[in-house]
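The residues making up each chain are set out below.
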Protein chains: 2
Amino acid sequence: MTKCGDMTGPVTMQSVAKAAGVSPMTVSNTFKYPERVQEETRRRVREVAAELGYIPNHAAGNLASGQSRVIGAVIPSIKNSSFYKYVRGMQDAAAEDGYELVLKLADTKRHETAAIRTFIGLRVAGLTLVGKEHEDQAVDLLRKTGVPVVETWVHGDPLDMAVGYSSAAATRAMVDHLVAVGCRRIGFVGYAGDVAGRYTERLPAFEQRMSEHGLAPDLCHLADEADGFGAGPKALEALCRMDMSIDALLCPTDIVAAGVLFECGRRGWKVPERLAVAGWGDYEIASEISPQLTTVQPNAYEMGRGAIEMVIARASGLEPEDSVRNTGFEVVARASTDNAGSDAA
Amino acid sequence: MTKCGDMTGPVTMQSVAKAAGVSPMTVSNTFKYPERVQEETRRRVREVAAELGYIPNHAAGNLASGQSRVIGAVIPSIKNSSFYKYVRGMQDAAAEDGYELVLKLADTKRHETAAIRTFIGLRVAGLTLVGKEHEDQAVDLLRKTGVPVVETWVHGDPLDMAVGYSSAAATRAMVDHLVAVGCRRIGFVGYAGDVAGRYTERLPAFEQRMSEHGLAPDLCHLADEADGFGAGPKALEALCRMDMSIDALLCPTDIVAAGVLFECGRRGWKVPERLAVAGWGDYEIASEISPQLTTVQPNAYEMGRGAIEMVIARASGLEPEDSVRNTGFEVVARASTDNAGSDAA
DNA sequence: CTCTGCCATTGTAGCGCTACAAAATCAAAA
DNA sequence: TTTTGATTTTGTAGCGCTACAATGGCAGAG
């Protein structure tokens, strides 16, 4: 910590300027507005900077300019592959416009609020959240500071901006699919958790659509985890206790569905003949497990891209064309529901 | 953007001070050194700050104090659950000491270097990396700036500090286990990728240990992805082409091993009778899939905690007791290798 | 040879905060 | 009452950078 003489204190713009024989402003311009600096000068400054290992102090720049090239993303979990494409989309879109994406994990709403606080403390250019349910305190903060914020994986009714798809619409589509392949006693597995925002729409949609088909929406079970394989067997058991004639199961994620598949294997149940199983999310496992899983494919990559594009648009001052963007979804029909009811009533 | 009058410009320490009728320094102390401020004053400041939605500008604080409460973690992927416990460990340890953890994803060494650059630009208190292979440029930067940095998931020979376990030791332990349950023609699946640091030790260790057991280490295959289910079938096919009498397979991750299990199912091969399969990482799927997977359990949570503890120790000026910490591992024997060789030679 | 206009470069001031030292306050001791 | 010492509060200066205005240099026009 005692700097010998002053040979190698922290490298600042000042020291680069001195070493390159120019003023600090020229160094600043070299990095921020290269076109303002003559080719030759620019080259020399870059060289010296690299030599010294100079990296501009973002904190100081942020303070001076009031601007930031960092976008914060709060994600609820990395426990499964669901968010991989989403984050990739954000990453790619950010990089294209010269922004940096940093992540914070928050598996409860309380942690989400803390993460938002941290990001605002960092004075990020904007941030993305998952879901539309947040603590009042967080909403308050977001409102007061006015940072650009996009809610993702949901559709409509945004705090500021939103991008995603309608879980209700996807639920209806999946019910239609199961009915179309012959299922009648369809079970529903929901998730009753803390970051439940993007799950809460599903149960009402399920109940309504089942009724519209003239079917009873009575086989519902709320799991206390959405991501674990373990939730599958538990849910199946609970629903079987309600009615052994259950012939299809709509799961909150592919992971839960995979858990159900494993359990069916243990029970010697054939899928989809005895039980059709549908997942959600189009995780990698969905297409690798046997039988392959029917699932909802949420266009996660596009969603990530869209979120960042909206943040950047707002951060650049221009109002984005649309403050709500729908990236849609697709029901991918695979073997786990194929001709499920062929031997049923 | 036109502030009407000046009623609600950005909330600064200044404005909080004015509103609370104290000096800015008192506001600063209220947040940074609460014990220096009288109970009553502190309460009032806190109240006003909350009212106004004030969040201290970390950039300004960082600049003024030269200190940061943010730690950056570069992680290679969130494609699977492998890093979940690791990140949780980091998160928990950071929170306990009042630090913030922010993540950046980097799936190539080039991206890793960019992430390091970003974090240094943010002047984080320290950072954690995964693996011990980095671009020269990154190493150079790390050296020149002297930020505290911990390499994780590896053991020994650190740039600055390291925490993890020996992949070589784990490989040897797994070979011993497979031999003990009767396997003789053991196949090895490696990973030849960009962030291969923590994989490169395994093949030599495998070859050496096999030889020590008097077995031929000739059934080796390098996959081009470590995380995908798809790598499993490919590897199995490649190795079968080399020798159909293969009776065990050591995979780089549980995901690959699960892929192998799926493929065995398609082929009608019994596991472990026809082929014993071992994974690596103790992912959730390992204990849920059928048969359950034998795997290497890497104490990821403890590793994460250790990494952050070391970063904080160094950032606080005190030299950590040990610059290399071994968090060990455990071979978890499960059904996928149980009595594998009972009917073999 | 001077003047205008244009470009590259350079001062100046200040972003919001904190370290440090100085000042104010107040209770207890002299 | 004055003094002392501890506690609480407050100026001052400056962290490293960038916006902005101002400077200098230099070509071509007058």
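The structure displayed is predicted, hence computed values, not measured ones.

Caption draft 1: Region of the structure containing the relation of the copies chain B and chain A. Expressed as a screw transformation, the operator carrying chain B onto chain A has a rotation angle of 180° and an axial translation of 0.0 Å, and the superposed copies differ by an RMSD of 0.1 Å. Taken together, the rotation and translation describe the operation of a two-fold axis.

Caption draft 2: Summary view of the layout of surface pockets. In this structure, the second largest pocket spans a volume of roughly 460 Å³. Lining the second largest pocket are 20 residues; nearest its centre among them are A:Phe262, A:Ser290, B:Phe262, B:Gly265 and B:Ser290. Counting residues per element, the ones that place at least two in the lining of the second largest pocket are α11 (254–267) of chain A together with α11 (254–267) of chain B. Considered class by class, the residues forming the lining of the second largest pocket number 14 nonpolar, four polar and two charged.

Caption draft 3: Expanded view of the domain arrangement of chain A. Split by domain assignment, chain A resolves into domain 1 (13–56), domain 2 (69–165 + 299–328) and domain 3 (167–297 + 331–343). Each of domain 1 of chain A and domain 3 of chain A was reduced to a C-alpha centroid, and the two centroids are 60 Å apart.

Caption draft 4: View of the protein's contact with DNA strand C. Around DNA strand C, the structure places 24 residues, and the nearest of them are A:Thr26, A:Thr41, B:Met13, B:Ser28 and B:Tyr54. Close to the protein, within 4 Å, the atoms of DNA strand C belong to sugar or phosphate groups at a rate of 67%. For DNA strand C, a phosphate oxygen lies 2.9 Å from a polar atom in the backbone of A:Ser23. At 2.6 Å from a phosphate oxygen of DNA strand C is found a side-chain nitrogen or oxygen belonging to A:Thr26. Breaking the surface near DNA strand C down by element, the ones donating at least two residues are α2 (24–32) and α4 (58–65) of chain A together with α2 (24–32) and α4 (58–65) of chain B.

Caption draft 5: The environment of B:Lys270, seen in detail. Residue and element names in this part refer to chain B. Positionally, Lys-270 belongs in the loop between α11 and β9 (276–278). With a relative accessible area of 59%, Lys-270 lands in the exposed category. Remark: the alpha-carbon pair of Lys-270 and Pro-291, spanning 21 residues in sequence, is separated by 9.7 Å.

Caption draft 6: Region of the structure containing the pattern of salt bridges. Residues and elements named next belong to chain A. Under the defined criterion, the tally for this structure stands at 40 salt bridges over all chains. Glu-133 is the partner of Lys-109 in a salt bridge, and the nearest nitrogen-oxygen pair spans 3.6 Å. Here Lys-109, found in helix α6 (residues 109–121), pairs with Glu-133, found in the loop between β3 (126–130) and α7 (136–145); they are 24 residues apart in sequence, far enough to count as distant. Owing to a relative accessible area of 21%, Lys-109 belongs among the partly exposed residues under this scheme. The exposure class assigned to Glu-133 is partly exposed, which follows from its relative accessible area of 32%. Where Arg-334 meets Asp-282, a salt bridge forms, and the shortest distance between an N and an O atom there is 3.2 Å. Of this pair, Arg-334 sits in the segment after β12 (330–332) while Asp-282 sits in the loop between β9 (276–278) and α12 (284–288), placing them 52 residues apart in sequence.

Caption draft 7: Inspection of the sheet that holds strand β8 (residues 248–250) of chain B at higher detail. Residues and elements named next belong to chain B. Spatial ordering of the open sheet is given by β7-β6-β8-β9, a layout of four strands whose pairing is parallel. Looking at which strands have only one partner, the edges of the open sheet turn out to be β7 (220–223) and β9. For this sheet, the mean inter-axis angle between neighbouring strands, taken without regard to orientation, is 20°. Where β8 and β9 come together, three bridges link them in parallel fashion. Of the residues in β9, the one forming a bridge with Leu-249 is Val-277. Each of β6 (186–191), β7 and β8 is contacted by helix α9 (residues 202–212), which is oriented at about 165° to β6, the strand it contacts most.

Caption draft 8: Inspection of the protein's contact with DNA strand D at higher detail. Around DNA strand D, the surrounding shell holds 25 residues, and the nearest of these are A:Met13, A:Ser28, A:Tyr54, B:Thr26 and B:Thr41. Each atom of DNA strand D within 4 Å of the protein belongs either to a base or to sugar and phosphate, the latter forming 67%. Residue A:Ser28 places a side-chain N or O atom 2.5 Å away from a phosphate oxygen belonging to DNA strand D. At a separation of 3.2 Å, a base oxygen of DNA strand D approaches a polar backbone atom of B:Ala64. If you list the elements that add at least two residues to the surface near DNA strand D, you get α2 and α4 of chain A together with α2 and α4 of chain B. Per-class residue counts for the surface near DNA strand D are 13 nonpolar, ten polar and two charged.

Caption draft 9: Focus on the interface of chain B and chain A. With 50 residues of chain B in contact, the opposing surface of chain A contributes 50 residues. Buried surface at the junction of chain B and chain A, summed over both partners, amounts to about 4,600 Å²; 61% is from carbon and sulfur atoms. The tally of links from chain B across to chain A stands at four salt bridges. Between A:Arg88 and B:Asp107 there is a salt bridge; the shortest N-O distance is 2.6 Å. Counting across the chain B and chain A interface gives 19 residue pairs in polar contact (both at pLDDT 80 or more). At the level of elements, α3 (39–52), α4, α5 (84–96), β2 (100–105), α6 (109–121), α7 (136–145), α11 and α12 (284–288) of chain B are the ones that each hand at least two residues to the side of chain B that touches chain A. Element by element, the count of residues in the side of chain B that touches chain A is highest for β2(B), at six residues. Here the side of chain B that touches chain A is built from residues that sort into 24 nonpolar, 13 polar and 13 charged.

Caption draft 10: Quick peek at the packing of aromatic side chains. Applying the stated criterion to the full structure yields 16 aromatic pairs over all chains. Each ring, one from A:Tyr191 and one from A:Tyr199, has its centre 5.1 Å from the other, and the planes form 80°; the classification is edge-to-face. Exposure class is identical for A:Tyr191 and A:Tyr199. Each is buried. Within the aromatic cluster, the residues linked to one another by ring pairs are A:Phe83, A:Tyr86 and A:Trp153. Of note, A:Arg202 hangs over the ring of A:Trp280, and the distance from its end group to the ring centre comes to 3.6 Å. Geometry around B:Trp269 places B:Arg267 over its ring, the cationic atom sitting 5.1 Å from the centre.

About the cut-offs
Residues numbered from 1 in each chain as written. Chains lettered and ligands numbered in written order. Predicted model: local features only at pLDDT ≥ 70, side-chain atom pairs only at ≥ 80, totals over all residues. Heavy atoms only, no water. Least-squares fit on C-alpha atoms with pLDDT ≥ 70 in both. 1 Å grid on protein atoms, 1.4 Å probe; cavity = no way out; pocket = protein on both sides within 12 Å on 5 of 7 lines; lining within 4 Å. Points joined across faces, edges and corners; volume = space filled by probe spheres on them. Helix = DSSP H or I, 4+ residues; strand = E, 2+ residues; numbered from the N terminus. Nonpolar A, V, L, I, M, F, W, Y, C, P; charged D, E, K, R; others polar. Domains from an automatic or database assignment. Near = heavy atom within 4 Å. Polar contact = N/O pair within 3.5 Å; in protein donor to acceptor, adjacent residues only side chain to side chain. Buried < 20%, exposed > 50% of the residue type's maximum accessible area, 1.4 Å probe, protein only. Salt bridge = Lys/Arg side-chain N within 4 Å of Asp/Glu carboxyl O. Pairing = 2+ DSSP bridges. Axes fitted to C-alpha atoms, helices over the stretch in contact; angles between N-to-C directions. Contact = heavy atoms within 4.5 Å. Buried area = accessible area lost by both parts, 1.4 Å probe. Phe/Tyr/Trp six-rings, centres within 6.5 Å; stacked < 30°, edge-to-face > 60°. Lys NZ or Arg CZ within 6 Å of the ring centre and 35° of its normal.

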